[in-house]
Amino acid sequence: MRTSVAFGVWAYMVIAVLTEVEIYYMLRTANYDLMTAAVSVLATSQATAIVVFNMQLKDEPGAIRLFALIPIMFLSALLIAELASLG
Amino acid sequence: MLYFFTSLYFGIIGAILALLMRVQLSVPNNFFLSAYYYDQAVTMHGLIMIFWFLSPIAIGLANYFVPLQIGAKDLAFPRLNAMSYWLYLSGGIMAVLSFFVPGGSADAGWTNYQPLAVLTPGSGTTLVYLGLVLLAASITLGSINFVVSIIWLRAPGMSLDKLPMFTWFILFTIIAMLFAFPTLIAAFALASSDRILGTVFFTSTQIQPSILWDNLFWFFGHPEVYIVLLPGFGIIANIVPQFTGRPLAAKNAILVATALVVLPLSFGVWMHHMFLTGIPVDLQGAFSIATIAISIPFDVITLSFVESMIRGRVKLLTPMLFVLGAVVLFIIGGITGVFLSSPVLDRVFRGSYFVVAHFHYVMVGAAIFSIFAGIYYWIPRFTGRMYNERLGKIHFVISFIGFNVLYFPMNFLFDMPRRIFTYPNIGNWALLNGIASVGAFIFAGAQTLLAANLLYTWFRGPPSPPNPWGSPDLEWKSQPVLTPSPTAPTDTSESPPAGGWIGQLATPASPATETHAAGAEHGEAHYSSRPIQLSFGAMIFLMGAAFYPGILAIGLMVIGGALFAVALGGWARDDLRHKFAPPPEEEGDRWPFQGVSKMKLGMWVFLSSEIVLFGSFLAAYIFIRGAAVTFPAPGSIHDIPLGTLNTIILATSGLTMFLAIQAIRQGDRRRLMQWMSVTFMLGSTFMGIKISEWVNLGSSGFTLSAPYPFNLAASAYYIIVGLHGAHVTAGLIMMVYLMKKTKDGEYTKESHEAIENFGLYWAFIDIVWCFIFPLFYLL
Amino acid sequence: MREFALALMYSGMLTVPPTVATFDHLLDWYLFFGVGAAVVVIGMLVTFVILYRDKGDNKPLPEHKTEGWKIVLITVMISISILAAAEYQTFASFSNIETPSQCSMVPDPCINISVLGFQWGWQFTYPNGKVQLTTEDQPLTVPVDKIILLNITSRDVFHSFGIVSLAVKEDAIPGRYNTLWFNDTNLGLVTMAIRCYELCGAGHATMVGNLSVVPYSTWQSEFGVNTTG
């Protein structure tokens, strides 16, 4: 990965977190659900950026990518079902 | 083999507890054990058998035979292996010690349903919980080691399609362990913090703590069933062809079914343990279908075993008898499992002896019988001697009869609740329980024959031919017959190795010294006593924590902490002095992981389990937020601008760490040092701000003893953010070590793996914070 | 099979309550296929072992080119269809675990009783506000031939409220309200019909209760809401 990309990722991290906070101030009373959704998407995109670029997952063989993806799959199942179990 | 014998020892403890229970239940209205002792017996029988016997005995076999089967000298990380063993033993010691503290041991069932378990007074339960955390840590380390070994250390030519079935199934087991056990750590860490620190995860009734526990526990607990079962199936699949004289039927179908259906689905069926907790009917339906679906691959496996006899030549020797027994018992246990997959039938069967019968058929019947098969099958390879065939057959016959007398009646006790310490004389309960108790003694008595046969083989057995079963697998190709076994007691006393006798004990069951002359030169790499110091340090510290508060507790924590620190420092010093030079790696068969280094693979595997660990904690937090009707409004507690600033600081440290890596990639050690220092400073600043935030929050009344819901928010915040903080701190300590090595000129353009891997770790910490910040500060 | 199931339930029932009928019907299915499958597969295993045992002759074995995947495929297909049929039957009996639709009608024709689990016993709150704890002479009293809706929760720890003779059970969980319904069609007192099915401490074994089924008029006068007007 080129150094410029690293700076790009960093810039994105900063912008994303500032946007999260901005969205929070804008929407926390107006539309809490929309705020939650937007912030979740931003947080996930931050994580993805780090995994793909800083951790160089894009250059790793597919088998390594599986080790990153499988637990996320399992955890999504846990998250969806545990919230559903609240009834 | 240490693993193997230690687990047998724990197995005996578990069996004694079981016999005590069967004595108590043999006749109605019995008072041999009071409810107080019975509940402890029932709980610890379950925990010890599952965690300290069934899994480790399979891992013990794997430790010895997986490296042999793949043609490796040893597992990938010998000291990690030692560490894993000593953590396992330490956890076991804590669990057994718990019987002797005032208030007794854990007594809320092996499932530890909350809030009963956190409300139980006494230190015993806490000791068991922290012991389980150590055990889970041991398993996680062991899993990393096995995954890396199996995919990275295969001998040239050992491509995946030639991998023996036992090794395949150990790989499956290990992968399930890797993703299941972090959730166990999370669940028991939360429960322990409730017991020690007074957090309110499971004591606050407003958030349905029982449902939180059920979700976390069974998300771990159901894969655990397959973790117990799969090694047994691996043994069966591995040895059946040697006794039928023909290849395994549909071998590839077994592998595909297990890898693509059992493994992923095992994490998607846990709610069938929760059918009666009032979850929505649709959810019950969905999990019922998933449960039925996961039985299909087991159909494939069972039918394949059965049909592997067709047109073969079946030799009914002891290992094969145990295989047949295991298959029959699994058929019965599997089919009763199908009954339990129905939420409607569950309305009668849940919490009854029908369930007890079901899981003993699977976990004792199928798993233990196949492990017995494995013991008889491999003992010639292990000792160079042959067991007594007649005694083995008698052992099988009595075990099989005893087992069925013990557990079959329980299928008819579907109206009797589990875990009741006594019962009135109604219906047929007395008769069926009486029969079961007789069976228990027959089954337990039969195991003395196993012990006798093992001892006989070890000391008196006739020499066995080099490959008595005509197996094509590698483990039979490497041994000179009748060399003293590496773990035979005489062996250790003859030649005290460097590092002393304790060090020798710390040696993982390693076939290295006997199979490859080359291995002996590097043998010293195993004789580090650091793993044992680290494990015992952790154990003493946690024991202290279990007794907290009190002067004894603090004393133990100080001693344990000091020992831990000394061991860690010593380990680092050993490395700095190159005390244990790793043997050079030979290029083997690594598809599909060519081009990935061993350490990096290990780091990724470790991080994947860390994802589950943090994920479980965060999932618990999200559940709490979903369940809590009232929760402190965002922004009312935490300082958002400060949190934002801290997030940016951590993100920046991610950038500087990357620049450090970039520097050493170009071979610039000085720039590496500079960027590392900047990263260290940013990381320290992050922690500094964190600590000042904690101090401010604590002094402003945001504590665990605050009124609801502030105590709940405080519990979640301090524990989860604290866990992240601990990871950052660990990262900072590692950075000091790396900077020291950099200063010594260790890293070059070609060789700087540690830096790269640390970069992965640091980036991971950054990712976790990406989720913690919005979850705790904004939402 | 119903006779068998009933024989194991220690009460002389005259008619079969709907929840039990559904359960029995489903259990018949599962037993038929479950026992059948066990007999067939274990039978296959025993047959093959006898048929292909080592007879001591050293005749060369036939080649196994395909490794016998066909027969595995066929038998697995059969077992999948059995499993699918069983699951279909389970879904067809979901009426047992769903609250009957008439209970949401206005006025509510179902009898609502609150159940509170505690260490160690059960407390029932009847429609007229009367509160009773389980003791030997204070059973859970319900009217015959009526849909009873139990609203179950717990005061302290995880319990599980079960009346196996009616094929119903539901967990009693602190902070959570679960429902369960049944319709008992037989008059009389069933001793120790109610049990706790989740380990809840030292008194778990003795957390039992009796069930009394009485005529509606008797029940109404003691526990029912006084209908004014």
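Residues numbered from 1 in each chain as written. Chains lettered and ligands numbered in written order. Predicted model: local features only at pLDDT ≥ 70, side-chain atom pairs only at ≥ 80, totals over all residues. Heavy atoms only, no water.

Chemist: Explain the domain arrangement of chain A to me, please; I cannot follow it from the model alone.
Modeler: How big an interface is tends to be stated in terms of accessible area lost as the parts join. Each assigned domain of chain A is listed here: domain 1 (1–55) and domain 2 (60–87). Between the C-alpha centres of domain 1 of chain A and domain 2 of chain A the distance comes to 21 Å. (Domains from an automatic or database assignment.)

Chemist: When you look at the interface of chain C and chain B in this model, what are you seeing that I'm missing?
Modeler: Counting from both sides, the interface comprises 73 residues of chain C and, opposite them, 85 residues of chain B. Of the roughly 7,000 Å² buried between chain C and chain B, counting both surfaces, carbon and sulfur atoms make up 70%. Where chain C touches chain B, the interface holds 5 salt bridges. Between Arg419 of chain B and Glu198 of chain C there is a salt bridge, with its nearest N and O atoms 3.2 Å apart. Here chain C and chain B share 24 residue pairs in polar contact (both at pLDDT 80 or more) between them. Broken down by secondary-structure element, the contributors of at least two residues to the side of chain C that touches chain B are α1 (2–8), α2 (18–51), α3 (69–92), β7 (168–172) and β9 (188–196) of chain C. If you tally residues by element for the side of chain C that touches chain B, the top one is α2 of chain C, at 14 residues. (Contact = heavy atoms within 4.5 Å. Buried area = accessible area lost by both parts, 1.4 Å probe. Salt bridge = Lys/Arg side-chain N within 4 Å of Asp/Glu carboxyl O. Polar contact = N/O pair within 3.5 Å; in protein donor to acceptor, adjacent residues only side chain to side chain. Helix = DSSP H or I, 4+ residues; strand = E, 2+ residues; numbered from the N terminus.)

Chemist: Any chance you could explain the domain arrangement of chain B here in plain terms?
Modeler: Residues and elements named next belong to chain B. The domain architecture assigned to chain B consists of domain 1 (2–479) and domain 2 (630–778). Across the contact, 10 residues belong to domain 1 and 7 residues belong to domain 2. Note on domain 1 versus domain 2: buried area summed over both sides is about 710 Å², and carbon and sulfur give 79% of it. Viewed at the interface, domain 2 and domain 1 are joined by 0 salt bridges. Where domain 1 meets domain 2, there are 1 residue pair in polar contact (both at pLDDT 80 or more). Class assignment for the residues of the side of domain 1 that touches domain 2 results in 5 nonpolar, 5 polar and no charged. (Nonpolar A, V, L, I, M, F, W, Y, C, P; charged D, E, K, R; others polar.)

Chemist: Is there a simple way to explain the packing of aromatic side chains in this structure?
Modeler: Two descriptors summarise a pair of aromatic rings, namely the distance from one centre to the other and the angle between the planes of the rings. Residues and elements named next belong to chain B. Per the stated rule, a full pass over the model turns up 95 aromatic pairs over all chains. Residues Phe369 and Phe396 carry aromatic rings whose centres are separated by 6.5 Å and whose planes lie at 80 degrees to one another, so their mutual orientation is edge-to-face. Residue Phe369 is found in helix α12 (residues 353–383), and its partner Phe396 is found in helix α13 (residues 389–407); the two are separated by 27 residues along the sequence. By relative accessible area, Phe369 is classed as buried at 0%. Ring centres of Phe773 and Tyr777 lie 5.1 Å apart, and the angle between their planes is 35 degrees; on these two criteria the pair is classed as tilted. One end of the pair is Phe773 and the other is Tyr777, both in helix α25 (residues 753–778) and 4 residues apart, which spans about a single turn. (Phe/Tyr/Trp six-rings, centres within 6.5 Å; stacked < 30°, edge-to-face > 60°. Buried < 20%, exposed > 50% of the residue type's maximum accessible area, 1.4 Å probe, protein only.)

Chemist: What exactly am I supposed to notice about the pairing of strand β1 (residues 111–118) of chain C here?
Modeler: Residue and element names in this part refer to chain C. Burial analysis of β1 places 6 of its 8 residues in the buried class, which makes it a mostly covered element. Sheet analysis places β1 next to strand β5 (residues 148–154), joined by 7 bridges and oriented parallel. From the neighbouring strand, Ser114 faces β5, where its bridge partner is Asn151. Relative to strand β2 (residues 121–125), β1 is paired through 5 bridges, and the arrangement is antiparallel. Each bridged residue has a counterpart across the sheet, and for Leu116 the counterpart in β2 is Gln123. Between β1 and β2, which pair antiparallel in sequence order, lie 2 residues. (Pairing = 2+ DSSP bridges.)

Chemist: Would you mind showing me how to read the environment of Gly470 of chain B here?
Modeler: With respect to the helices and strands, the residue Gly470 of chain B is situated in the loop between α14 (429–460) and α15 (489–494). C-alpha of Gly470 of chain B to C-alpha of Gly245 of chain B: the two residues are 225 residues apart in sequence and 9.3 Å apart in space.

Chemist: For this particular structure, what's the right way to read the state of the cysteines?
Modeler: Here, the word disulfide means a covalent bond between the sulfur atoms of two cysteines. Residues and elements named next belong to chain C. Enumeration according to the criterion identifies 1 disulfide over all chains in this entry. Linked covalently through their sulfurs, Cys103 and Cys110 form a disulfide whose S-S length is 2.0 Å. Since a negative S-S torsion denotes a left-handed disulfide, the Cys103-Cys110 link at about -95 degrees is left-handed. An identical accessibility class is assigned to Cys103 and Cys110; each is buried. Cysteine Cys196 is unpaired, with the sulfur of Cys200 as its nearest cysteine sulfur at 3.9 Å. (Disulfide = S-S within 2.5 Å.)

Chemist: Help me understand the packing of helix α5 (residues 124–152) of chain B against helix α6 (residues 165–196) of chain B in this model?
Modeler: The packing of two helices is summarised by the inter-axis angle and the distance between the axes. Residue and element names in this part refer to chain B. The geometry of α5 relative to α6 is characterised by a closest axis approach of 8 Å and an angle of 150 degrees between their N-to-C directions. In terms of axis orientation, α5 runs roughly antiparallel to α6. Our pair here, α5 against α6, has a crossing hand that is left-handed. Class assignment for the residues of the contact of α5 with α6 results in 25 nonpolar, 6 polar and 1 charged. (Axes fitted to C-alpha atoms, helices over the stretch in contact; angles between N-to-C directions. Parallel < 35°, antiparallel > 145°, perpendicular 65-115°, else oblique. Left-handed = near helix turned anticlockwise from the far one by under 90°.)

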